[in-house]
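So you can see what is in the structure, the chains are spelled out below.
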Amino acid sequence: DSLSVRLALDTKQISVREFKGNVNGGPIEASGTLRYERDGLRDVDLKATVQDFFLDFPEGLKSSSSGTLSITSVEDDIEIGGTIRVQESAFRESFDVSGRLMNYLRSQQVVAVDREPNPLLDRIRLNVAVRTITPMMVQNNAARLEGSANLRLVGPVQEPSVIGRITLSDGGEIILNQRTYYINRGVVNFSNQARIEPQLDIQAQTEVKTRYENIDITLRLTGTPDKLTTTLTSDPPKSEADIISL
């Protein structure tokens, strides 16, 4: 909203002399040039800066970010590049296998075959670095933890993906079967350029006190959210069935 645009037009190109407004609560400015022909936009060379804009994506992950973007022609495509700096981010929705975040991740497994082609949007590709300035927080019924993200948005703008890594801080908490486990190693890797598919590798520990001994239990979570493997080991060693009974 509050958009103000001034363009200079000639027979060869369009020059953006002024582009100011607000996007999701934050100011945005842009400048640059582009050429428009019968088959669409060509020779795109635009720069944009945006500050303190709000996102709720994926649903439930609320963040405030700033950044600098470039929009340029790369052969027949238009690439959006640059860097987004995430100043604040938090996920506080209750975790549920039927919740919105899980539904979104599952929807990434489905290839969109019925989508109508769009001559402009089908040409736009993402290549945007995403960095967290302050730790991303998760506070809900399943976890209380923080992590730093070093990610990149890639792929078609209509079907984006994420590659990179989220590193969890030591001491974060995972709550499983009403028991709290404390993270001593945790990473979430994203390597699938076709869809958003987090790969978890998290290790956490807790202590169980019985009448006869104190038992250190190690929890290992690996895999994707829809194919998650849980492994339990202990010191002193016990069978997984015994560990679960504790």
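Located above this text is the structure these notes cover.
So, here's what we can say about the structure.

Rules of the game
Residues numbered from 1 in each chain as written. Predicted model: local features only at pLDDT ≥ 70, side-chain atom pairs only at ≥ 80, totals over all residues. Heavy atoms only, no water. Helix = DSSP H or I, 4+ residues; strand = E, 2+ residues; numbered from the N terminus. Rg over C-alpha atoms; globule rule 2.2 N^0.38 Å. Contact = heavy atoms within 4.5 Å. Areas by Shrake-Rupley, 256 points an atom, 1.4 Å probe, with all protein chains shown as cover. Lys, Arg positive; Asp, Glu negative; His and termini not counted. Charge placed at Lys NZ, Arg CZ, Asp CG, Glu CD. Buried < 20%, exposed > 50% of the residue type's maximum accessible area, 1.4 Å probe, protein only. Pairing = 2+ DSSP bridges. Patch = residues over 30% accessible without salt bridge, like charges linked within 9 Å, V, L, I, M, F, W, Y side chains within 5 Å. Salt bridge = Lys/Arg side-chain N within 4 Å of Asp/Glu carboxyl O. Polar contact = N/O pair within 3.5 Å; in protein donor to acceptor, adjacent residues only side chain to side chain. Core = buried A, V, L, I, M, F, W, Y, C linked by side-chain atoms within 4.5 Å.

**Observations regarding the overall build of the protein chain**
Assigned secondary structure in the protein chain consists of 2 helices and 15 strands. Its C-alpha atoms give the protein chain a radius of gyration of 23 Å, more than 25% over the compact-globule value 18 Å for 246 residues. Taken along its principal axes, the extent of the C-alpha atoms in the protein chain is 85 × 35 × 25 Å. Pairs at least 24 residues apart make up 40% of the contacts formed inside the protein chain by residues separated by at least 6 positions. Of the accessible surface of the protein chain, which amounts to about 14,900 Å², a share of 51% is contributed by carbon and sulfur atoms. Where the 28 positive side-chain charges of the protein chain centre and where its 34 negative ones centre are 2 Å apart.

**A short note on the pairing of strand E13 (residues 198-209)**
Every regular strand shows the same layout, with side chains that alternate between the two sheet faces. Side-chain alternation along E13 places Pro-198, Leu-200, Ile-202, Ala-204, Thr-206 and Val-208 on a buried face and Gln-199, Asp-201, Gln-203, Gln-205, Glu-207 and Lys-209 on a face that remains uncovered. When strand E12 (residues 179-190) meets E13, the two strands line up antiparallel, connected through 8 bridges. Among the inter-strand pairings, Ile-183 is bridged to a residue of E13, identified as Ala-204. Bridge analysis of E13 against strand E14 (residues 214-224) gives 10 bridges, and the strand direction is antiparallel. Counterpart to Ile-202 in the pairing with E14 is Leu-221. Hairpin connection of E13 to E14: 4 residues between the antiparallel strands.

**Some words on a nonpolar patch on the surface**
The grouping of Leu-3, Val-5, Leu-7 and Leu-9 at the surface amounts to a nonpolar patch, some 410 Å² of accessible area in total. Within the secondary structure, Leu-9 sits in strand E1 (residues 4-9).

**Brief notes about the environment of Glu-240**
Among the secondary structure elements, Glu-240 is positioned in helix H2 (residues 240-245). Distance from Glu-240 to Gly-26, taken between C-alpha atoms, is 51 Å for residues 214 residues apart in sequence. Filtering out sequence-adjacent residues up to four positions away, Glu-240 remains in contact with Thr-230, Thr-231 and Leu-232.

**Focus on the side chain of Glu-197**
Relative to the helices and strands, Glu-197 resides in the loop between E12 and E13. On the accessibility criterion, Glu-197 (17% relative accessible area) is buried.

**Comments concerning the pattern of salt bridges**
Across all of its chains, the model carries 9 salt bridges by this definition. Of the charged contacts, one joins Arg-35 and Asp-43 as a salt bridge, the two residues approaching to 2.6 Å between their closest N and O atoms. With its nearest N and O atoms 3.9 Å apart, the salt bridge here joins Asp-56 to Lys-62. By relative accessible area, Asp-56 is classed as partly exposed at 31%. For Lys-62, a relative accessible area of 39% translates into the label partly exposed. Because the salt bridges share partners, they merge into one network encompassing Arg-35, Glu-37 and Asp-43.

**Observations regarding the side chain of Arg-123**
Checked against the element boundaries, Arg-123 lands in the loop between helix H1 (100-107) and strand E7 (124-132). Of the side chains with opposite charge, Asp-77 comes closest to the buried, unpaired Arg-123, at an N-O distance of 5.5 Å. Within the structure, Arg-123 has its side chain in polar contact with the backbone oxygen of Asp-76 (distance 2.9 Å). Ignoring anything within four residues of it in the chain, the contact list for Arg-123 reads Asp-39, Gly-40, Leu-41, Arg-42, Asp-76, Asp-77 and Ile-78.

**Remarks on the nonpolar core**
Ranked by internal contacts, the top residues of the largest apolar core, which has 39 residues, are Leu-151, Ile-166, Ile-183, Phe-190, Ile-202 and Ile-217. Secondary structure elements with two or more residues in this core: strand E4 (40-56), strand E6 (77-91), E7, strand E9 (143-156), strand E10 (161-168), E12, E13 and E14. Counting residues per element, this core draws most heavily on E4, which supplies 5 residues. Not counting residues within four places of it along the chain, the set of residues in contact with Ile-183 comprises Leu-145, Leu-168, Ser-169, Asp-170, Gly-171, Gly-172, Ile-174, Ile-202, Gln-203 and Ala-204.

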